[in-house]
Amino acid sequence: MKLNLARDVTLTSLDSGAVLLDGRRGRYWQLNQSGSAILRRLLDGDAPDEAAASLSAAAPVSEDQARRDVMALIDALSTAQLVEVAR
């Protein structure tokens with residue numbers, strides 16, 4: 001699975017995480033630090049399972065829960081048309 005930001009979407013880091021700006025619709029989406037870290041790993045080419053393992057190692061969450069959280073993030077960003085997913 002390859003993840004890319006959709007056209008006209010920019011990602012900006014913040015101390016508290018990150019913000020995605022959808023330039024097509026003029027809408028902002030805020031991610032906390034965990035969501036930001038996961039998105040960056042996915043954009044850098046990590047598979048969802050690799051991103052989930054890093055989340056599980058960094059936070060008090062099981063790998064199963066981390067896997068569900070990563071997939072939920074991908075689904076939410078894809079549904080909002082902020083990312084493009086190539087399977």
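Residues numbered from 1 in each chain as written. Predicted model: local features only at pLDDT ≥ 70, side-chain atom pairs only at ≥ 80, totals over all residues. Heavy atoms only, no water.

A.B. asks: Tell me about the nonpolar core, and name the residues and values.
C.D. replies: Of all hydrophobic cores here, the largest spans 20 residues; its most connected members are Leu20, Ile38, Leu39, Leu42, Val70 and Leu77. Here the element with the most residues in this core is helix 3 (residues 63–79); it accounts for five residues. Beyond its immediate chain neighbours, meaning those up to four positions away, leucine 20 contacts Leu5, Val9, Thr10, Leu11, Arg27, Tyr28, Trp29, Leu31, Leu39, Leu77 and Leu82. (Core = buried A, V, L, I, M, F, W, Y, C linked by side-chain atoms within 4.5 Å. Buried < 20%, exposed > 50% of the residue type's maximum accessible area, 1.4 Å probe, protein only. Helix = DSSP H or I, 4+ residues; strand = E, 2+ residues; numbered from the N terminus. Contact = heavy atoms within 4.5 Å.)

A.B. asks: So what's going on with the packing of helix 1 (residues 33–43) against helix 3? Residues and values would help.
C.D. replies: Direction vectors running N to C along helix 1 and helix 3 enclose 80 degrees, while the axes themselves pass 11 Å from each other. Here helix 3 runs roughly perpendicular to helix 1, going by the angle between their axes. Contacts between helix 1 and helix 3 involve Gly35, Ile38, Leu39 and Leu42 from the former and Val70, Leu73, Ile74 and Leu77 from the latter. Of the residues belonging to the contact of helix 1 with helix 3, the class tally is seven nonpolar, one polar and no charged. (Axes fitted to C-alpha atoms, helices over the stretch in contact; angles between N-to-C directions. Parallel < 35°, antiparallel > 145°, perpendicular 65-115°, else oblique. Nonpolar A, V, L, I, M, F, W, Y, C, P; charged D, E, K, R; others polar.)

A.B. asks: Any details on the side chain of aspartate 22? Residues and values, ideally.
C.D. replies: Here aspartate 22 shows up in strand 3 (residues 17–22). Take aspartate 22: its relative accessible area is 2%, and that puts it in the buried class.

A.B. asks: Mind laying out the sheet that holds strand 4 (residues 27–32), listing which residues take part and the relevant values?
C.D. replies: Pairing within the open sheet is antiparallel, and its three strands lie in the order 2-3-4. At either margin of the open sheet sits one strand with a lone partner, and together these are strand 2 (9–14) and strand 4. Here the average twist between neighbouring strands, direction ignored, is 20 degrees. In this structure, strand 3 lies alongside strand 4, joined through six bridges in antiparallel fashion. Looking at strand 4, one finds that aspartate 22 is bridged to arginine 27. (Pairing = 2+ DSSP bridges.)

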